[in-house]
Amino acid sequence: MMSDFVYDKVAVGIRVREKRLAMHMTQEKVAEKMDKSLRLITEIERGAVGMSIETLLCLCEALKTTPNDLLLPGAKPSDSELDWAIDALTNASDHVRSSAIDILRSYLRST
């Protein structure tokens, strides 16, 4: 039961910012993808405002994540990063895709 759930705007804002930075996106780019104002994104990341379900879903789409990843502390990470990587590689040129795969293989061998 979710009766213990508390919507912590500051914690959500921190997770939004972390997710945005992990995606190497600016606040401006997120606002543009969401068709929302830069000020709204700034206020969400600062934890100064909450957001509607519609805004949450638009934000999740822009950041390639799920509501659980943003709202629930300690939630099991989704496959959104993997989905993003697959999309990025699928849409990349053959040269970029080949280079990225070579880098990933080298990195995984060294860990």
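Residues numbered from 1 in each chain as written. Predicted model: local features only at pLDDT ≥ 70, side-chain atom pairs only at ≥ 80, totals over all residues. Heavy atoms only, no water.

Turning next to the packing of helix α1 (residues 9-22) against helix α3 (residues 38-46). Close contact between α1 and α3 brings their axes to 6 Å; oriented N to C, the two are set at 120°. Across the interface between the two elements, Lys 9, Val 10, Gly 13, Ile 14, Val 16, Arg 17 and Arg 20 of α1 pack against Ile 44, Glu 45 and Arg 46 of α3. Taken together, the residues of the contact of α1 with α3 break down into four nonpolar, one polar and five charged. (Axes fitted to C-alpha atoms, helices over the stretch in contact; angles between N-to-C directions. Helix = DSSP H or I, 4+ residues; strand = E, 2+ residues; numbered from the N terminus. Contact = heavy atoms within 4.5 Å. Nonpolar A, V, L, I, M, F, W, Y, C, P; charged D, E, K, R; others polar.)

The next thing to look at is the packing of helix α2 (residues 27-34) against helix α4 (residues 53-63). Interaxial distance between α2 and α4 falls to 9 Å at its minimum, and their mutual angle equals 120°. Our classification of the angle between α2 and α4 gives oblique. Note that α2 runs across α4; the crossing there is right-handed. Here Val 30, Lys 33 and Met 34 of α2 lie close against α4, whose contacting residues are Thr 55, Cys 58, Leu 59, Ala 62 and Leu 63. Considering only residue class, the contact of α2 with α4 consists of six nonpolar, one polar and one charged. (Parallel < 35°, antiparallel > 145°, perpendicular 65-115°, else oblique. Left-handed = near helix turned anticlockwise from the far one by under 90°.)

Along α2, the positions that sit buried rather than exposed are Gln 27, Val 30, Ala 31 and Met 34. Buried residues of α2, seen end-on, are gathered within an arc of 100° and therefore sit on one face of the element. Across α2 from its buried face, at more than 90 degrees, point the exposed residues Glu 32 and Lys 33. In this fold, the buried residues of α2 make contact with α1, α3 and α4. (Buried < 20%, exposed > 50% of the residue type's maximum accessible area, 1.4 Å probe, protein only. Arc of directions from axis to C-beta.)

Counted according to the given criterion, the structure contains four salt bridges. A salt bridge links Lys 29 to Glu 32, with the nearest nitrogen and oxygen atoms 3.6 Å apart. In this pair, Lys 29 and Glu 32 both sit in helix α2, three residues apart, roughly one turn of the helix. Taking relative accessible area as the criterion, Lys 29 reaches 37% and is therefore assigned partly exposed. In this structure, Glu 43 engages Arg 46 in a salt bridge whose closest nitrogen and oxygen atoms are separated by 3.0 Å. With Glu 43 and Arg 46 both in helix α3, this residue pair falls three residues apart, about one helical turn. The exposure class of Arg 46 is exposed, given its relative accessible area of 53%. (Salt bridge = Lys/Arg side-chain N within 4 Å of Asp/Glu carboxyl O.)

Geometric values such as these leave the question of function open.
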